[in-house]
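# What the coordinates show
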Amino acid sequence: MRCSSLLRPTALVLLGTLAGAGAASAKTCELKIDGTDAMQYSTKELVVAKDCTDVTVTLKHTGKLPKASMGHNWILAAEADVQPLLGVAMGAGLAADYTPKDDKRVIAHTKLVGGGEETSTTFKMADLKAGTKYKYFCSFPGHAGLMTGVLTVK
Ligand code: ZN
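Residues numbered from 1 in each chain as written. Predicted model: local features only at pLDDT ≥ 70, side-chain atom pairs only at ≥ 80, totals over all residues. Heavy atoms only, no water.

On to the pairing of strand β8 (residues 148-153). Looking at chain direction, strand β2 (residues 45-48) and β8 are connected through 4 bridges and run parallel. Bridging from a neighbouring strand, Val47 pairs with Thr152 of β8. Examined bridge by bridge, strand β7 (residues 134-137) and β8 share 4 bridges and lie antiparallel to one another. Pairing of Tyr134 across the sheet is with Leu151, part of β8. (Pairing = 2+ DSSP bridges. Helix = DSSP H or I, 4+ residues; strand = E, 2+ residues; numbered from the N terminus.)

Below, the structure is given as structure tokens:
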């Protein structure tokens, strides 16, 4: 009798731990970044916590210019893929938001927005490989030189 009364609290503690782990297994983290009429992102680095499972990035165009002349998007790719993707993006054209279509090198992308608009995209942390440097950029022609940054996982 004495044994079973000791066992019960232990079992409850174990169940509690498992439930806690289950809740932590899905965690969507939110990141925000602005784009301006001066062809700039508001930050050159976005930091994601290691325990996030999904990441939602919201891009807000805080300017006034239309997307045909000062459009911004947010594309995430491995650093080595950025330059080749910019070439593909240019070819895709404005109608395709300067976004490579069905290109596996694109990990995540928002649509292209103009002044006052906001857009977001969600990707899975499982799509990122350890040891790879990831960068984000705007693929509007001529923007990526200034509009780029690093996604850091900490
Ligand atoms: Zn842009």
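Let us now look at the coordination of the zinc ion. Taken together, Gly71 (O), His72 (ND1), Cys138 (SG) and His143 (ND1) make up the full set of protein donors to the zinc ion, lying 2.1 to 2.7 Å away. Around the zinc ion, the 4 donor atoms sit at angles spanning 77 to 130°, and that spread fits a shape best called irregular. We note that the donor set of the zinc ion lies within a single chain, spaced as G-H-x65-C-x4-H. Residue His72 is found in the loop between α2 (67-70) and β4 (75-78), and its partner Cys138 is found in the loop between β7 and β8; the two are separated by 66 residues along the sequence. Judged on exposure class, the residue His72 and its partner Cys138 are both buried. (Donors = N, O, S within 2.8 Å, 3.2 Å for Na, K, Ca; no water. Tetrahedral: all angles 85-135°; square planar, octahedral: opposite > 155°, others 65-115°. Buried < 20%, exposed > 50% of the residue type's maximum accessible area, 1.4 Å probe, protein only.)

What follows deals with the nonpolar core. One finds Trp74, Leu76, Phe123 and Leu151 to be the most contacted residues of the largest nonpolar core, which totals 27 residues. Within the second largest apolar cluster, 8 residues are counted, among which are Ile75, Val82, Leu85 and Val106. (Core = buried A, V, L, I, M, F, W, Y, C linked by side-chain atoms within 4.5 Å.)

What follows deals with the packing of aromatic side chains. For the coordinates displayed, the defined rule picks out 4 aromatic pairs. The interplanar angle of 65° and the centroid separation of 5.5 Å between the aromatic rings of Tyr41 and Tyr136 together place this pair among those described as edge-to-face. Residue Tyr41 is found in the loop between β1 (28-35) and β2, and its partner Tyr136 is found in strand β7; the two are separated by 95 residues along the sequence. Residue Tyr41 shares its accessibility class with Tyr136, and that shared class is buried. Taken together, a centroid distance of 5.2 Å and an interplanar angle of 65° make the contact between Tyr98 and Phe140 edge-to-face. Of this pair, Tyr98 sits in the loop between α3 (79-92) and β5 (108-109) while Phe140 sits in the loop between β7 and β8, and the two are 42 residues apart along the sequence. Comparing Tyr98 with Phe140 shows no difference in burial state: the two are buried. An aromatic cluster is built from Tyr41, Trp74, Phe123 and Tyr136, whose rings are joined through pairwise contacts. (Phe/Tyr/Trp six-rings, centres within 6.5 Å; stacked < 30°, edge-to-face > 60°.)

Phi at Met39 is positive, roughly 60°, even though this residue is not glycine. Looking at the element boundaries, Met39 is found in the loop between β1 and β2. For Met39, a relative accessible area of 22% puts it in the partly exposed group. Positive phi outside glycine occurs at Asp102, with the angle close to 45°. For Asp102, a relative accessible area of 72% gives the class exposed.

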